[in-house]
Amino acid sequence: MSDRIKCWHDAPGKPVFVPPAGAIDAHCHVFGPMGEFPFSPKAKYLPQDASPEMLFALRDHLGFARNVVVQASCHGTDNAATLNAIARSGGKARGVAVVDPDISEADLLALHEGGMRGIRFNFLKRLVDNAPKDKFLEVASRLPEGWHVVIYFEADILEELRPFMDAIPVPLVIDHMGRPDVTQGPDGADMKAFRSFLDSREDIWFKATCPERLDARKEGGMGDPWDNFAAAVAPLVADYQDRVLWGTDWPHPNMQDEIADDGHIVDMIPRIAPTPELQHKLLVANPMRLYWPEEL
Ligand code: 0GY
């Protein structure tokens, strides 16, 4: 039990920034509870329980209305814990699944019924053993109507992944902007490459997320208050304001070296989206289009 890691802040501060009504935390996870929803035997980290109730309490504390729960790698392709969180949310959560690429049409539809609206392909070698592009492409071609593909990769493999991503026939959502080195600044090589990728298709979305990962002290950044992140990401949000999402990344998988205060993470929002109009797009209008389009 003692080697189960915990990466979240016990008592995050109340943010100064007040999110607009209907704001959506579009990137967060749940872990377990392990007694009901065991972790995958292939999990690369074993976290303490981060339950739906904890997530919803944080949502309310931070001033958000809804969550998009992304299936975490520690649960493998068994989406039961994420579906449980969605079911317990009273309609205030939807999700992104991780599936065995051989999944049947009936099982995909069951995921849709359970509130999933996309699938995630993870290319981080420290999180998954293999990422079969040919099988991913096949399953991406038979997703339920309106679904998208979330892709998680690091900046050094963006070019290598381009032909694969170009071939995906549904909208793409890129986790954490493909993890650019934000210390390079807004015009650094990583941001330039990411912009060129965004310019290649109008249906590529991204999450302006994870100052705590991308601007962490241990990665050569500066840590909270994450000035490198604000400087590098604000121009991207302004230039691609109709296809950017935001999320807390709670419970911050694998971040035990530097526990981020979620209140501070929320207070980054006005630094990357300084006007009420941008904030509404980032937190309400954009995620609603992807996750609750029937309400628009
Ligand atoms: C994140 C990032 C990480 C982990 C996962 O599914 C996961 O385990 O996404 C990570 O370790 O970088 O998006 O939460």
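An unreviewed UniProt entry lists the chain under the name Amidohydrolase family protein, from Novosphingobium organovorum.

### A short note on the side chain of arginine 94
Take arginine 94: it is sitting in strand S3 (residues 93–97). The buried category is assigned to arginine 94, whose relative accessible area is 14%. Arginine 94 has contacts with Asn67, Val68, Val69, Ile86, Gly115, Arg117, Tyr291, Trp292 and Glu294, leaving out every residue within four places of it along the chain.

### Points about the site of the ligand
Residues in contact with the ligand amount to 15 residues; listed here are only the nearest, His29, Tyr45, Ser73, Tyr152 and Asp249. Separating an oxygen atom of the ligand from a side-chain N or O atom of tyrosine 152 is a distance of 2.5 Å. A distance of 3.3 Å separates an oxygen atom of the ligand from a polar side-chain atom of arginine 213. Considering the ligand on its own, with 350 Å² of exposed area, one finds that the protein chains cover 100% of that surface. Residues of the shell around the ligand, tallied by class, amount to five nonpolar, five polar and five charged.

### Side note on the packing of aromatic side chains
Centre distance and the angle of the planes are the two values used to describe a pair of aromatic rings. One pass over the full model with this rule turns up 11 aromatic pairs. Centroid distance phenylalanine 121 to phenylalanine 164: 6.1 Å. Interplanar angle 50 degrees. Geometry classified as tilted. One end of the pair, phenylalanine 121, is in strand S4 (residues 116–122); the other, phenylalanine 164, is in helix H5 (residues 158–166), and 43 residues separate them in sequence. Accessibility assignment for this pair places phenylalanine 121 and phenylalanine 164 in one class, buried.

### Some thoughts on the sheet that holds S4
Taken together, the eight strands give an open sheet; going across it, the order is S1-S2-S3-S4-S5-S6-S7-S8, and neighbouring strands pair in parallel fashion. What marks the edges here is a single partner per strand, and that holds for strand S1 (24–28) and strand S8 (244–245). Pairing analysis gives two bridges linking strand S7 (residues 204–207) to S8, with the strands arranged parallel. If you follow lysine 207 over to S8, its bridge partner there is leucine 245. Along the sheet, helix H1 (residues 52–62) contacts S1 and strand S2 (66–70); its crossing angle with S2, the most-contacted strand, is approximately 140 degrees.

### Notes on the pattern of salt bridges
Going through the model one piece at a time under the given rule, you end up with 20 salt bridges. Of the charged contacts in the structure, one is a salt bridge between aspartate 203 and arginine 201, with a shortest N-O distance of 2.7 Å. Since its relative accessible area comes to 15%, arginine 201 is described here as buried. When salt bridges with common partners are traced through the structure, they connect Glu105, Glu138 and Arg142 into a single cluster.

### Let's talk about the side chain of histidine 148
Here histidine 148 shows up in strand S5 (residues 148–152). In this structure histidine 148 touches Val96, Arg117, Gly118, Ile119, Leu143, Val170, Pro171, Val173, Leu290 and Tyr291, once residues within four positions along its chain are discounted.

### A short note on the pairing of S1
For S1, the buried fraction is high: five of the five residues fall into the buried class. Two strands pair when backbone bridges link them, and S1 and S2 are joined in this way by three bridges, in the parallel orientation. Considered in S2, the bridge of aspartate 25 is made with asparagine 67. A crossover connection joins S1 to the parallel S2 through H1; in handedness this β-α-β unit is right-handed.

### Quick look at H1
Taken together, the buried positions of H1 are Pro52, Leu55, Phe56, Leu58, Arg59 and Leu62. For H1, the arc enclosing every buried residue in end-on projection is 160 degrees, short of the 170-degree limit, so these residues lie on one face. If you follow the buried residues of H1, they end up packed against S1, S2, helix H2 (80–88) and helix H9 (262–266). Glycine 63 sits one or two residues past H1 and shows a positive phi near 90 degrees.

### With respect to the nonpolar core
Grouped together as the largest cluster of nonpolar side chains are 100 residues, with contacts concentrated most on Phe121, Val149, Ile151, Met165, Ile174 and Phe206. A total of seven residues in this core trace back to one element, the largest contributor, which is helix H11 (residues 276–291). In contact with isoleucine 151, other than residues within four places in its own chain, are Phe121, Phe123, Phe164, Met165, Ile168, Leu172, Val173, Ile174 and Asp175.

The rules behind each value
- Residues numbered from 1 in each chain as written.
- Predicted model: local features only at pLDDT ≥ 70, side-chain atom pairs only at ≥ 80, totals over all residues.
- Heavy atoms only, no water.
- Helix = DSSP H or I, 4+ residues; strand = E, 2+ residues; numbered from the N terminus.
- Buried < 20%, exposed > 50% of the residue type's maximum accessible area, 1.4 Å probe, protein only.
- Contact = heavy atoms within 4.5 Å.
- Near = heavy atom within 4 Å.
- Polar contact = N/O pair within 3.5 Å; in protein donor to acceptor, adjacent residues only side chain to side chain.
- Areas by Shrake-Rupley, 256 points an atom, 1.4 Å probe, with all protein chains shown as cover.
- Nonpolar A, V, L, I, M, F, W, Y, C, P; charged D, E, K, R; others polar.
- Phe/Tyr/Trp six-rings, centres within 6.5 Å; stacked < 30°, edge-to-face > 60°.
- Pairing = 2+ DSSP bridges.
- Axes fitted to C-alpha atoms, helices over the stretch in contact; angles between N-to-C directions.
- Salt bridge = Lys/Arg side-chain N within 4 Å of Asp/Glu carboxyl O.
- Right-handed = clockwise from strand over helix to strand, strands pointing away.
- Arc of directions from axis to C-beta.
- Core = buried A, V, L, I, M, F, W, Y, C linked by side-chain atoms within 4.5 Å.

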